[in-house]
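Structural features, examined
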Amino acid sequence: MNKKGLCNLMVGAAMLVAGVASAQAETIRFALAAEPYPPFSQKQPDGSWVGFEPDLIHKVCAEMKATCEIDEVAWDGIIPALLAKKIDVIFNSLSITDEREKQIAFSRPYYDTPVAVAAPQAVDVQISPEGLKGKTIGVQISTVSSNYLKKYYEKIADVRYYDTQDSVNADLVAGRIDLMMADGIAVASFVKSPDAQAAGIVNKGEVKYDPVFGRGVGAGLRKGDTELKAKMDEAIGKLLASDDYKALSDKYFGMSVAPKQ
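Definitions and limits used
- Residues numbered from 1 in each chain as written.
- Predicted model: local features only at pLDDT ≥ 70, side-chain atom pairs only at ≥ 80, totals over all residues.
- Heavy atoms only, no water.
- Axes fitted to C-alpha atoms, helices over the stretch in contact; angles between N-to-C directions.
- Helix = DSSP H or I, 4+ residues; strand = E, 2+ residues; numbered from the N terminus.
- Parallel < 35°, antiparallel > 145°, perpendicular 65-115°, else oblique.
- Left-handed = near helix turned anticlockwise from the far one by under 90°.
- Contact = heavy atoms within 4.5 Å.
- Disulfide = S-S within 2.5 Å.
- Buried < 20%, exposed > 50% of the residue type's maximum accessible area, 1.4 Å probe, protein only.
- Core = buried A, V, L, I, M, F, W, Y, C linked by side-chain atoms within 4.5 Å.
- Salt bridge = Lys/Arg side-chain N within 4 Å of Asp/Glu carboxyl O.

Considering the packing of helix α2 (residues 52-64) against helix α11 (residues 243-253)
At a minimum axis separation of 10 Å, α2 and α11 run at an interaxial angle of 165°. On the basis of their axis angle, the class for α2 and α11 is roughly antiparallel. Crossing of α2 over α11 shows right-handed handedness. Contacts between α2 and α11 pair Phe-52, Asp-55, Leu-56 and Lys-59 from the former with Asp-244, Tyr-245, Leu-248, Ser-249, Lys-251, Tyr-252 and Phe-253 from the latter.

See below:
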């Protein structure tokens, strides 16, 4: 081989190595909502994230041997941000529902919890059409709880939709609504807070399962990202069977939130 051919070969090899390195270094952008949602996720004043889902993101990325970052997105714009390729993965307590699957794909579920109701101790709450008729109910928009209330209670109760769960909590404490409906773990965490305890807010119990609630919580992905979905499914599957997942679950909830296999 002459010098010119050798030179071309070396340049081509260098470009190939650079391309592989670039692909390996590509950052996967995980999205969490800007609004605090303890104990699942909450942004600290220093910009760091704490909670079950940020911790699980780090473990999923370590399992995939991927470079990842967490981006902040408003809850009601999180699916549009995914579809617009501003982020790559939604990892933010997004329930797997038929309606959402019309737009996006999901990984296998990484946790599952029931829906529950919170209200002041003195408020009589029976979770039925008769029991909630005429009640003022608060709920965060674009959640399975809001879909459930819209389907079954919007015509018989005063259902109020909020941009954030924090706003729902605040209005319940202030007495502007009779009760709220949300993820059971979020409800259990909220009723332990000083504000809730001062207002006499208690957990009134779980809502009977309905198909509207979906099939657990998964990572949201674009339908075309099949390779990333396969890697996510494998990583989540390994974590669900690990002591790391059990430790995280115990740390934040004191119980297992693993989806039923």
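Quick word on the state of the cysteines
Under the criterion given, the structure shown has 1 disulfide. Paired by a disulfide, Cys-61 and Cys-68 hold their sulfur atoms 2.1 Å apart. Classification of the bridge connecting Cys-61 and Cys-68 rests on its S-S torsion, roughly -105°, and on that basis the disulfide is left-handed. Taking relative accessible area as the criterion, Cys-61 reaches 5% and is therefore assigned buried. Cys-68 sits in the partly exposed class, given a relative accessible area of 27%.

A few points about the nonpolar core
Phe-30, Phe-52, Leu-56, Val-60, Val-89, Phe-91 and Met-232 are the most contacted members of the largest nonpolar core, which totals 32 residues. Those elements giving two or more residues to this core turn out to be β1 (27-33), α2, α8 (184-190), α10 (226-240) and α11. Beyond its immediate sequence surroundings of up to four residues, Phe-91 is in contact with Phe-30, Ala-31, Leu-32, Glu-53, Leu-56, Ile-57, Val-60, Tyr-110, Ala-219 and Met-232. Core analysis: the second largest hydrophobic core is formed by 19 residues, Val-139, Val-144, Leu-149 and Phe-213 among them.

Details of the pattern of salt bridges
Across all of its chains, the model carries 17 salt bridges by this definition. Here Arg-215 ties to Asp-98 by a salt bridge, and the two come within 3.0 Å at their closest N and O atoms. Pair noted here: Arg-215 is in the loop between β11 (201-206) and β12 (220-221) and Asp-98 is in helix α4 (residues 98-101), with a separation of 117 residues, a long-range link. A salt bridge links Lys-229 to Asp-233, with the shortest nitrogen-to-oxygen separation between them at 2.9 Å. Separated by 4 residues within a single helix, Lys-229 and Asp-233 lie in helix α10, roughly one turn from each other. Within the structure, one salt-bridge network assembled from shared partners comprises Arg-29, Asp-88, Arg-222 and Asp-225.

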